[in-house]
Amino acid sequence: MDMVVVGVVFLDIKGFPFFKYDAVGTNLGNVLMTHGGVARNVAENMANLGAEVEFVTMLDDDSLGREARLRLCGAGVKLTHAVSTPDKGMGMWLAVFNEKGDLAGSVSHMPDASPIERLFDEKGEEIIRSCRGVALEIDLSEKVSERVFELAERFDKPVYAIVANMSVILRRPDFMARTACVILNEIEAGRLFGREIRALSPEETLEAVSEAASAMGIRSIVVTMGARGAVYLDVENGLRGVCPAVPCRVVDTTGAGDAFFSAVVESLARGMRLDDAVTCGARLASMTVSTSESTCPHVDEHFFGIGE
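Residues numbered from 1 in each chain as written. Predicted model: local features only at pLDDT ≥ 70, side-chain atom pairs only at ≥ 80, totals over all residues. Heavy atoms only, no water.

(A) Summary view of the sheet that holds strand β14 (residues 230-234). Taking strand neighbours across the sheet as the criterion, the four strands line up as β12-β13-β14-β15 in an open arrangement whose pairing is mixed. In this open sheet, the two strands that pair with only one neighbour each are β12 (182-185) and β15 (239-243). Strand after strand, the sheet turns through a mean of 10° between neighbouring axes, direction not considered. Alignment of β12 against strand β13 (residues 220-224), held across four bridges, turns out to be parallel. Each residue of the ladder has a partner; that of Asn185, found in β13, is Thr224. The strands touched by helix α5 (residues 186-193) are β12 and β13; relative to β12, the strand with the most contacts, the crossing angle is about 110°. Against the sheet, helix α6 (residues 202-216) makes contact with β13, β14 and β15, and its axis sits at roughly 35° relative to β14, the strand it touches most. (Pairing = 2+ DSSP bridges. Helix = DSSP H or I, 4+ residues; strand = E, 2+ residues; numbered from the N terminus. Axes fitted to C-alpha atoms, helices over the stretch in contact; angles between N-to-C directions. Contact = heavy atoms within 4.5 Å.)

Next up, the structure:
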């Protein structure tokens, strides 16, 4: 039974300066083009972790789209329900990093999601009925998200929301109470909860997140804090705590959050406890930050040894 991932494929264009980054000047450096997009990264990560993955997305019928399709298929991702689009069905992300490898600025082009909206109108039941869970790029489209939640609840399937630009989730925070486990970074959590939490200690962040999650009816939540690790709360099973980050050599931070999400969701799908799942997420995020890719292709077969 497949895990269904719903979202967009992006082409990432990333610039890395050779010297100290000058925000208003010219910076000599390397410019790389890679496959990206939060949902695409999650689909590939989960396949690399050994999961059966069906990716519901849009792929342009051109050389870039065919290249993206080949890479996903090569990783073992199924594209049975991928919609072929003539152009602009894929997104584009332009990003510049500083000399430390941290993101300095970015611009994102989000494609029109109407082909996926039509797909779920026509084949939504078929897609959701037989899956074991859904990883949904919740900001793709409010219509798609509402349809996915409705079908998932009808067929008793867990939904794990991938938060991207927050265009939908800020309008529909009620979706969070319908999500099996909410996974956010501290900036996203601050915007969703309407308070600044980045200056808080991990322990203070855990208290603030617990209070806000309770008010919104969220049952399970993880908030990542970069190098400071992550906090987690599982109300039903009485689990809460702080998970430290895994030290590593930083090459490129792109995709770290997507890797964390992928490992946590796949761990939960395998029946692991949230605390062990978060530990797996921290490990895969660290492995990804240590590479120049947005995903980490080399995962040891004993990766999920924790908690087994």
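(B) Representation of the sheet that holds strand β6 (residues 77-78). With respect to topology, five strands assemble into an open sheet ordered β6-β4-β1-β10-β11, the strand pairing being parallel. Sheet topology places β6 and β11 (159-162) at the edges, where each strand pairs with a single neighbour. Bridge analysis of strand β1 (residues 3-6) against strand β4 (residues 53-56) gives four bridges, and the strand direction is parallel. The residue bridging Val6 from the neighbouring strand is Val56, located in β4. In the packing of helix α4 (residues 142-154) onto the sheet, contacts are made with β1, β10 (133-137) and β11, and the angle to β10 comes to roughly 170°.

(C) Main features of the nonpolar core. Residues Val6, Phe120, Leu136, Ile138 and Ile221 are the most contacted members of the largest nonpolar core, which totals 53 residues. If we skip the residues at most four places from it in the chain, Val6 touches Ala39, Val56, Ile116, Phe120, Val134, Ala135, Leu136, Glu137, Leu140 and Val144. With 37 residues, the next largest nonpolar core counts Ala39, Ala47, Val77 and Val222 among its residues. (Core = buried A, V, L, I, M, F, W, Y, C linked by side-chain atoms within 4.5 Å. Buried < 20%, exposed > 50% of the residue type's maximum accessible area, 1.4 Å probe, protein only.)

(D) Local environment of the side chain of Arg40. Relative to the helices and strands, Arg40 is located in helix α1 (residues 38-48). In this structure the side chain of Arg40 is engaged in a polar contact, spanning 3.4 Å, whose partner is the backbone oxygen of Gly36. A polar contact of 2.6 Å, which involves the side chain of Arg40, links it to the side chain of Glu44. Every residue in contact with Arg40, bar those within four places of it in the chain, is listed here: Val8, Val9, His35, Phe55, Arg71, Leu72 and Thr295. (Polar contact = N/O pair within 3.5 Å; in protein donor to acceptor, adjacent residues only side chain to side chain.)

Geometric descriptors of this kind do not, in isolation, establish any biological role.
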